[in-house]
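As a plain string of letters, each chain reads:
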Amino acid sequence: MADQYARSGDDKRPTEIPAIRWEEPPEGPVLVLLDQTRLPAEEVELVCTDAPALVEAIRSLAVRGAPLLGIAGAYGVALAAARGFDVDEAAAALAGARPTAVNLAVGVRRAHSAHEAALAKGGDVRQAAAAALAAARQLHREDAEASGRMAEHGLALLDELLPGGGHRVLTHCNTGSLVSGGEGTAFAVALAAHRTGRLRRLWVDETRPLLQGARLTAYEAARSGMAYTLLTDNAAGSLFAAGEVDAVLIGADRITADGSVANKVGSYPLAVLARYHHVPFIVVAPVTTVDLDTADGASIEVEQRSGHEVTEVTAPQVPAVGTEAGGGIPVAPLGTQAYNPAFDVTPAELVTAIVTEEGVVSPVTAEALAEVCARSHRVTAG
C-alpha cells in the first residue's frame, strides 16, 4: 500500500526532495516517490511497501519518465525480494505496467537477473535480495552519470549547430530531474545552456492532456531560474512561423533499431514543423532507451490511456492515484469517446540527432545506433 506525506514547496530553491529513493525504516524497506500528479501545487511523497503499490504509482503517472521508470522497476524488484514477496510475479507486473517505455522492462530485468544469479550461485533469499538492491542502486548511479554526459554532448551539439549562443529551445513533456537519477535528458541540455549563459529562452509546450510541460517542466524551469515561456501545444506552429525557435529538444521512451523515436504524444507534429522550418530536431536519451530488438516504429506498442484524461480536467491538488472517470471537471458532453494515445512515433528521417551518454548519433541510422549501443556495452563490461 502507499501512504502520503506532504512537504512544503513554498520556497524557490530547486526541490530537495528526490524523485525516488530507497529507505529502510524499522518496519521494513520502502520505496519513496515524489508524487508527480500533485505538482506543482504541493510536494507530496508516496511510500510504496510492495510491488502492487509501485505498479499503481507507475500507471497513474505518480512516477514517470523513461529513465526513472527503469530505476523504479529495478527498485520494485528489490522491494519484493526484500519483503519476501514472489519476485517473478512482481517483475512481470512491473514490466507490464507501461508497455511503451522500454527502460521500465530493462530496469526490471536487470534487478531480476541479479536476484536469479545470486540464487543460482547458492545464495539465500537475503543475499539474493541484496543483489537485486545492489543492481537497482547501480542503475540509479549510472543514470545520474549518463545525465551529466548527455548534457555535455547536447550542449556541444547546440553550439555546433547554432554558434554564438542565445539559443531559443522548444521542448515537449518533461525531461528533467523528475524523470532521472540526475538532471534529466533533454531538459539537462537546456539547463547546461542556461548555466553557461547560452540559453535565451526555453519554450515549454504544456503537453496535453495531462500537462506535464505546464505542471512539471515549468516547475523545474522556474526553480532553476531559467527564462521560460509556456505555450499551448497548438501554438507551436505559430512560434515556428514567427522564427522564434532555434532548436527542438525532446526525450524518448523508446528508440527502435532503425532510429524511430516514441515519445510523448505531440512530439511527431513538432518534428514535422521543425523539418519544414529547417530547425534542428534533437532527441536526448540514454542508451538504455534504444531497443535494438524492436525493428521499427510500426512495431512499437503505443500505450492507449483512459478517455477520461481527455474528457475531464483534473486539478493537480486532487490525488490522482487510482482515480477513474468522475474524478475531474468534465469538459466534453457525457458519453464522449476520446482517442488518447500516450505516445506518438517520429521516423528517423525527421530526427536531426540522437544524443546519448556515449555520444551523438547524426545522421540517425541503424548502423550508427548499433555502434553506440555496442560502445556502451563494451564500457559496461569493462
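Residues numbered from 1 in each chain as written. Predicted model: local features only at pLDDT ≥ 70, side-chain atom pairs only at ≥ 80, totals over all residues. Heavy atoms only, no water.

J.: When you look at the side chain of N103 in this model, what are you seeing that I'm missing?
T.: Summarising the element assignment, N103 is placed in helix α4 (residues 102-120). For N103, a relative accessible area of 3% translates into the label buried. Filtering out sequence-adjacent residues up to four positions away, N103 remains in contact with A66, P67, G70, D253, P286, T288 and T289. (Helix = DSSP H or I, 4+ residues; strand = E, 2+ residues; numbered from the N terminus. Buried < 20%, exposed > 50% of the residue type's maximum accessible area, 1.4 Å probe, protein only. Contact = heavy atoms within 4.5 Å.)

J.: Even after reading the chapter, I still don't get the side chain of S147, so can you show me in this structure?
T.: Checked against the element boundaries, S147 lands in helix α5 (residues 125-161). The class for S147 is buried, based on a relative accessible area of 3%. Ignoring sequence-local partners within four residues, the contact set of S147 consists of S180, G182, E183, G184 and A188.

J.: How should I be thinking about a negative patch on the surface in this particular structure?
T.: Together, D86, D88, E89 and E116 make up a negatively charged patch on the protein surface. Secondary-structure assignment places D86 in the loop between α2 (66-82) and α3 (87-95). For D86, a relative accessible area of 45% translates into the label partly exposed. (Patch = residues over 30% accessible without salt bridge, like charges linked within 9 Å, V, L, I, M, F, W, Y side chains within 5 Å. Areas by Shrake-Rupley, 256 points an atom, 1.4 Å probe, with all protein chains shown as cover. Salt bridge = Lys/Arg side-chain N within 4 Å of Asp/Glu carboxyl O. Lys, Arg positive; Asp, Glu negative; His and termini not counted. Charge placed at Lys NZ, Arg CZ, Asp CG, Glu CD.)

J.: Honestly, empty space enclosed by the protein in this entry has me stumped. Any pointers?
T.: Rolled over the atoms, a probe as big as a water molecule pinpoints where empty space is left. This structure, assessed with the given rule, holds two cavities of 30 Å³ or more. Each pocket or cavity is described by its volume, and for the largest cavity that value is around 180 Å³. In terms of lining, the largest cavity is formed by 22 residues, of which the most central are R64, G65, A66, N174 and D253. Looking at the lining of the largest cavity, the elements that each hand over two or more residues are α2 and β10 (261-264). (1 Å grid on protein atoms, 1.4 Å probe; cavity = no way out; pocket = protein on both sides within 12 Å on 5 of 7 lines; lining within 4 Å. Points joined across faces, edges and corners; volume = space filled by probe spheres on them.)

Honestly, that's just the spatial picture; any functional story needs more than this.
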